[in-house]
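Single-letter residue listing:
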Amino acid sequence: MKKSISILLALVMALSLFACSAPAATDKPERAAASGEDVTLKLWVTGPGNTPHKAIAEFEEANPGVKVEVQELEWDSYTEKILMSVAAGNAPDVVTYHATMFCPWADKGLFLPIDDYVDKTEWSDVGLDMGTWNDQLLALSWGVNYRALYSRTDKLAAAGFDHAPETWDELITMAQAVTERDANGSITCIGFDVPTVEHYEIAANWYDFFYTAGGKFFNDDQTEVLFNGAEGVEAAKLLGDFINVYKTTLPGAIDDHPIDMMNNRIAMVISNYADKSLMDEAPELFEDVEITLPPYKKVKGVEVGGHMVSALAATKNPDLASKLAVACAGTVTGAVEHAELENSIPSYLPARETEYYQTNKSLQMTKGFDEYAFVIPKHPAWAQFEDILSNALTDIWLNGADAQTALDAAAAECNALLG
Amino acid sequence: MKKIQRPKSGYRHTVLLSETTSAYLFVAPAVLVFVLLRIVPAIWALYTSFTDYSMIAEGTWVGVENYAKLLSSSTFWKALSNTLVYTLSLSVLGTLIALLFAMLLNQKIRGLAFFRTAFYAPVVVSWVAVCMIWQYILNPAFGFLNYFISLMGLESQGWLQNATLAMPVIIAISVWKCLGYNIVIYLSALQGIPAYIDEAAMVDGAKGFFRFRRVTWQLLKPTTFFIFLITMLAGFEAFDQISLLTEGGPANATTTVVYEVYRNAFVYLKMGYACAMAIVLFIIILAVSMVMIRSQKSIVEY
């Protein structure tokens, strides 16, 4: 009896812990037509305060009897909420999300093709590329964020430079010159920062340098990764040198680039942070911030990310859901409204003809970036490659691992996933 | 000996039956909730661990493939060893340090209410707030801790960026956070020890540490067992602090099994594989819990 009770107690304790993460069972929703009746569409918007009220009002006016119910999701938990709603069979009709989730979700068939609802001539090439999977347009780029170089021009000028660095060599020289230290030699203003905490940032930052060194991530049919070649090693070593040789930064010192830039703690960084917060908090300081293409070695390039909008394949109202997605991202009202909310660059080209775009200082600074824009390689397992890479890179930068050996091991791990 | 038989009919039997029925009815809601929210998802997770379910697309049966991949994954073994190190360190330190402070707070000292509140405060603060505070303190360039050690002439450290330091730092923060709860339990146990037992030991000549070891410690054993067990179970669950402070880095130095379960389920869309990982963790927790409960008698009895 005692034995049974002890086994039962142990089971209860273990189950209590284990079952916490187990999601509910699935139930596939039925597809239903909604003609002739009042319809409510569910729109889940990622990012508090990102609801496109004007675009929704315009959509509801154009579609009498259709009501849009909006739910705003936090950035740090939106993936779980969307996935669980899909698994539970009560998914929304339209979702907005970060571009990094597009490939894995598109690959699993989460989205509805919307090619028929879009005039592709009205879209930037990079915007269309971001939302295309297997030759189908499954998402609209609501707004683009470039991973560009943010520089404090006042600090560069004080160090005797009249322009932001354009090449790797210039970056090395300028980063050292603008790094400020106190009497003890401790850094008080970071010259150039290298992210070392967030996996996305670690891999993306390295990828900027890898790409501009002329590197290629995959072979043509994506059956093998090539990032452990000379360009990958060179990019990894360069970033490691900013930490260990040039000592322009201290790993983990910077948490929020715009705020730290505002607080004089950082002079240069490659970031995709929308600089809206910086502009709102300290517009006078923004006078001293310049946004330029990342420094390059062989090829000029700037990585793009951003906010996507998709209609879900599980929707009961595919036609209306597709139209709502277009209303959010593919109309001047929706695209400009989002640009105002997030200070991102509209991919819907007519929105770039508006006064808002033409007079916005930071958006104007990125004018012409499209020509050099590249999208991170599209692969459903990219998040896993990103984690493997970021582990290898932090091992090189922080633990002193040999760059070639660490990247070879990471490549072998990625190739095992591909195989 | 005359055998006592249960009455087969009549009033007593009716009373007994209704008492039993009432008892079942009273526990039914709790059992129902437990079965629905714990047992059913656990069984579902066990089934899912044999599929390639992704939460978006239907899963297909893959047999033991997920388990085979898991056992050959260096990341999983790293996560498991980190989890065990974290759990063991948290349990031992969280119990012993709490005992030490409970003993101190059980004395008649000035500002007792303040100290008790101060020690308990981290328990009620969310992990998000705790991690933000500690990130600020541990910031390698602008943090208070590096400033403090620089005053002593020591070199600045990347507390969470150094693969050797990151896990001990997370353990220290976790111990600090759980300390208040453990202290409260210990304090209530200490105040439950009748004064006459201590007085009798004093009369018998027992002093200082000897009296603590032979009297107080013996009487605190059931409480210690309880605190060690709940801290250990909390250790196996480590997720928030890992996700918020290091994302499992640098180079997987702080990743844990639960963090890997989350990454695989919600980021890599490998729910089947994540469930296999959870099942393995479940078996480990089950085994450890069984060993603990079976050894309870020999540990706790005095």
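Not measured: the values here are computed from a predicted model.

Quick notes on the rules
For every chain, the first residue of its written sequence is number 1, and the numbers climb from 1 along that sequence. The naming scheme follows written order: chains are lettered A onward, ligands numbered 1 onward. This being a predicted model, a pLDDT of at least 70 is required before a residue's local features are given, and a value of 80 or more before pairs of side-chain atoms are given or counted; all residues contribute to the totals for chains, interfaces and linings. Derived side-chain values reflect all non-hydrogen atoms in the structure, with water molecules and hydrogen atoms excluded from consideration. Helix and strand assignments come from DSSP, with helices taken as H or I runs of at least 4 residues and strands as E runs of at least 2, each series counted from the N terminus. With a 1.4 Å probe rolled over the protein chains alone, any residue whose accessible area is under 20% of its type maximum counts as buried; one over 50% counts as exposed, and the rest are partly exposed. What makes two residues a contact is simply this: any of their non-hydrogen atoms within 4.5 Å. Here, nonpolar core refers to any group of buried Ala, Val, Leu, Ile, Met, Phe, Trp, Tyr and Cys residues whose side-chain atoms link them within 4.5 Å. N or O atoms within 3.5 Å of each other form a polar contact, as long as, within protein, one can give a hydrogen and the other can take it, and as long as residues adjacent in sequence are counted only when both atoms are side-chain atoms. By definition, two strands form a pair when at least two bridges between them are found by DSSP. Helix span, expected: 1.5 Å multiplied by one less than the number of residues in the helix. In this scheme, the bend at a residue equals the angle between the axes fitted to the seven residues that finish there and the seven that begin there. We count a salt bridge whenever a side-chain nitrogen from Lys or Arg sits within 4 Å of a carboxyl oxygen from Asp or Glu.

A. Representation of the overall build of chain A. The helix and strand inventory of chain A stands at 18 helices and 12 strands. Split into buried and exposed, the 419 residues of chain A put 56% on the buried side. For chain A, contacts bridging at least 24 residues in sequence account for 73% of all contacts bridging at least 6.

B. Quick peek at unusual backbone geometry. Cis geometry is adopted by the peptide bond preceding proline 250 of chain B, which originates at glycine 249 of chain B and carries an omega value of -5°. Tracing the chain through its elements places proline 250 of chain B in the loop between α10 (240-245) and α11 (257-267). One non-glycine residue with positive phi stands out, namely asparagine 134 of chain A, at about 50°. Along the chain, asparagine 134 of chain A falls in the loop between β4 (132-133) and β5 (136-137). Backbone geometry at glutamate 247 of chain B places phi at a positive 55°, although glycine is not the residue there. Tracing the backbone through its elements, the reader meets glutamate 247 of chain B in the loop between α10 and α11.

C. Summary view of the nonpolar core. Formed by 85 residues in total, the largest nonpolar core has its most connected members in Tyr97, Phe102, Trp105, Phe111 and Tyr146 of chain A together with Val257 of chain B. Among the elements that take part in this core, helix α12 (residues 271-294) of chain B stands out by supplying 12 residues, more than any other. Excluding residues that lie within four positions of it along the chain, phenylalanine 111 of chain A makes contacts with Val95, Tyr97, Phe102, Trp105, Ala106, Leu138, Ser310, Ala311, Leu312 and Ala313 of chain A. Judged by nonpolar contacts, the second largest core, of 50 residues, contains Ile172, Val233, Ile270 and Leu407 of chain A.

D. Geometry of the environment of arginine 152 of chain A. Residue and element names in this part refer to chain A. Within the secondary structure layout, arginine 152 lies in strand β6 (residues 140-152). Between the C-alpha atoms of arginine 152 and glutamate 355, which are 203 residues apart in sequence, the distance is 27 Å. Side-chain polar atoms of arginine 152 contact the side chain of asparagine 264, separated by 2.8 Å.

E. Main features of the pairing of strand β11 (residues 302-311) of chain A. Residues and elements named next belong to chain A. Among the 10 residues that make up β11, 10 are buried, leaving the element largely enclosed by the rest of the structure. Sheet topology places strand β3 (residues 94-98) next to β11; five bridges connect them, and they run antiparallel. Each residue of the ladder has a partner; that of tyrosine 97, found in β11, is methionine 308. Looking at chain direction, β11 and strand β12 (residues 373-375) are connected through three bridges and run parallel. Across the sheet, residue valine 304 finds its bridge partner in β12, namely valine 375.

F. Representation of helix α9 (residues 208-236) of chain B in the model. Between its first and last C-alpha atoms α9 of chain B spans 36 Å; for 29 residues at 1.5 Å apiece the expected length is 42 Å, and the helix comes up short by more than 12%. The largest bend in α9 of chain B comes to about 50°, at lysine 221 of chain B, with the proline proline 222 of chain B one to four residues further on.

G. Quick look at the pattern of salt bridges. Taken as a whole and assessed by the stated rule, the structure comprises 14 salt bridges over all chains. Put simply, aspartate 387 of chain A and arginine 263 of chain B hold a salt bridge, and the shortest N to O gap is 2.8 Å. In this pair, aspartate 387 of chain A sits in helix α17 (residues 382-399) while arginine 263 of chain B sits in helix α11, so the two residues belong to two different chains.

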